[in-house]
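The residues making up each chain are set out below.
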Amino acid sequence: MNSQILEKVESSGICGIKKAELKKIFGADCENTISELAKEDKVIVDNKGVAHYVWSKDNYLSHVSQNDPKFKILARLVNNLEAKISQIPAKSENTADFKIHFDKRISEISSSLGWVPLADVRAKVCQILDITQEKFYSEVSAIIEQNPTKYEMSTGGVEGIHVRGMLHGYIRRL
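Every chain's residues receive numbers from 1 upward, in the order its sequence appears when written. Given that this is a predicted model, residues contribute local features only at a pLDDT of at least 70 and side-chain atom pairs are listed and counted only at 80 or more, while totals for whole chains, interfaces and linings are drawn from all residues. Note that the side-chain values use all heavy atoms of the structure and ignore hydrogens as well as water.

The subject of this paragraph is a nonpolar patch on the surface. Patches draw on residues past 30% relative accessible area with no salt bridge. Two like charges within 9 Å are joined, as are two nonpolar side chains (Val, Leu, Ile, Met, Phe, Trp, Tyr) within 5 Å. Each accessible area is a Shrake-Rupley estimate made with a 1.4 Å probe; only the visible protein chains count as cover when residues are assessed. Each salt bridge in this description consists of a side-chain nitrogen of Lys or Arg and a carboxyl oxygen of Asp or Glu lying within 4 Å of one another. A contiguous nonpolar patch, built from Ile73, Leu74 and Leu77 and spanning about 300 Å² of accessible area, is present on the exposed surface. Only DSSP runs of H or I with at least four residues qualify as helices, and only runs of E with at least two residues qualify as strands; both kinds are numbered from the N terminus onward. Inspection of the secondary structure puts Leu77 in helix α5 (residues 69-87).

Quick look at the packing of helix α7 (residues 118-129) against helix α8 (residues 133-146) now. At a minimum axis separation of 10 Å, α7 and α8 run at an interaxial angle of 115°. As judged from the angle between their axes, α7 and α8 are roughly perpendicular. Our pair here, α7 against α8, has a crossing hand that is right-handed. Mapping the contact onto sequence places Leu118, Ala119, Val121, Arg122, Val125 and Cys126 in α7 and Gln133, Phe136, Tyr137 and Val140 in α8. Side-chain classes are defined by residue name, with Ala, Val, Leu, Ile, Met, Phe, Trp, Tyr, Cys and Pro counting as nonpolar, Asp, Glu, Lys and Arg as charged, and the others, Gly among them, as polar. The residue inventory of the contact of α7 with α8, partitioned by class, reads eight nonpolar, one polar and one charged. Interaxial angles span 0 to 180 degrees and are taken between N-to-C directions of axes, which are lines fitted to C-alpha atoms, for helices over the stretch in contact. Here the angle decides the label: under 35 degrees means roughly parallel, over 145 means roughly antiparallel, 65 to 115 means roughly perpendicular, and every other value means oblique. In a left-handed crossing the near helix is turned counterclockwise from the far helix by less than a right angle, and in a right-handed crossing that turn is clockwise. Here a residue-residue contact requires only that any non-hydrogen atoms of the pair lie within 4.5 Å.

Turning next to the packing of aromatic side chains. Centre-to-centre distance and the angle between the planes together describe a pair of aromatic rings. Working definition: rings of Phe, Tyr and Trp (its six-membered ring) pair if their centres are within 6.5 Å, and the pair is stacked with planes under 30 degrees apart, edge-to-face with planes over 60 apart, and tilted otherwise. Scanning the entire structure with this criterion turns up seven aromatic pairs. Cluster of aromatic residues (ring-pair linked, three or more members): Phe98, Phe102, Phe136, Tyr137 and Tyr151. Across the ring face of Tyr53, the terminal group of Lys48 is positioned such that the distance to the ring centre comes to 4.7 Å. Put simply, a charge is over a ring when the Lys NZ or the Arg CZ is close to the ring centre, within 6 Å, and near the line of the ring normal, within 35 degrees.

Looking now at the sheet that holds strand β4 (residues 116-117). Pairing between strands is defined by DSSP: at least two bridges between the two strands are required. The strand order β4-β8-β5 describes an open sheet built from three strands, whose pairing is antiparallel. Each of the sheet's edge strands pairs with one partner strand only, and the pair in question is β4 and β5 (151-154). Looking at chain direction, β5 and strand β8 (residues 170-173) are connected through four bridges and run antiparallel. Across the sheet, residue Met153 finds its bridge partner in β8, namely Ile171.

Glancing now at the nonpolar core. If you look at the biggest cluster of nonpolar residues, it comprises 16 residues, and the most contacted ones within it are Phe102, Phe136 and Val140. Put simply, the parts of the chain that give this core at least two residues each are α6 (95-109), α7 and α8. Tallying contributions element by element places α8 first for this core, with five residues. Not counting residues up to four positions away in its chain, the partners in contact with Val140 are Phe98, Phe102, Leu118 and Ile161. Each nonpolar core is a collection of buried residues, namely Ala, Val, Leu, Ile, Met, Phe, Trp, Tyr and Cys, held together in the definition by side-chain atoms within 4.5 Å. Between buried and exposed lies partly exposed: a residue is buried under 20% and exposed over 50% of the maximum accessible area for its type, with that area taken using a 1.4 Å probe on protein chains only.

Everything listed here is a matter of coordinates, which is why it stays silent on function.
The following block contains the structure:
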């Protein structure tokens, strides 16, 4: 009887079917079957006016999205949020690779005091990893923010990261 009731509910479409109608077709004992199907999330029982209606899950979502203004607003907000999330570029899986190359270039180029022009590091890392200057400085900013005790920045240079309105174009590992 479960499958017969479920078929009837699914065939009713987005309008749903009255619970009383199901009782007429399948008898009064179908109440337990409807409760079981509802517990299994195969059907939704809800009020539509004063009558109890039964929908399949998909049909209920269609019904609510067409007839409930609050649900319409929420659905639109969720869709917009999903669209914005899909536009966000995925966090670089190469962040660890970037940090390895970044640290290696600093150690290769550094002077006896450890200071290195960021422009020199950028040129080599961008060439190796085939990334843009914007991506390089974005990654550098993230690394420095995450590891403030491992790096020191100094003002000057021809390019670098702006901190409090000043260009910081030199870096060293601590």
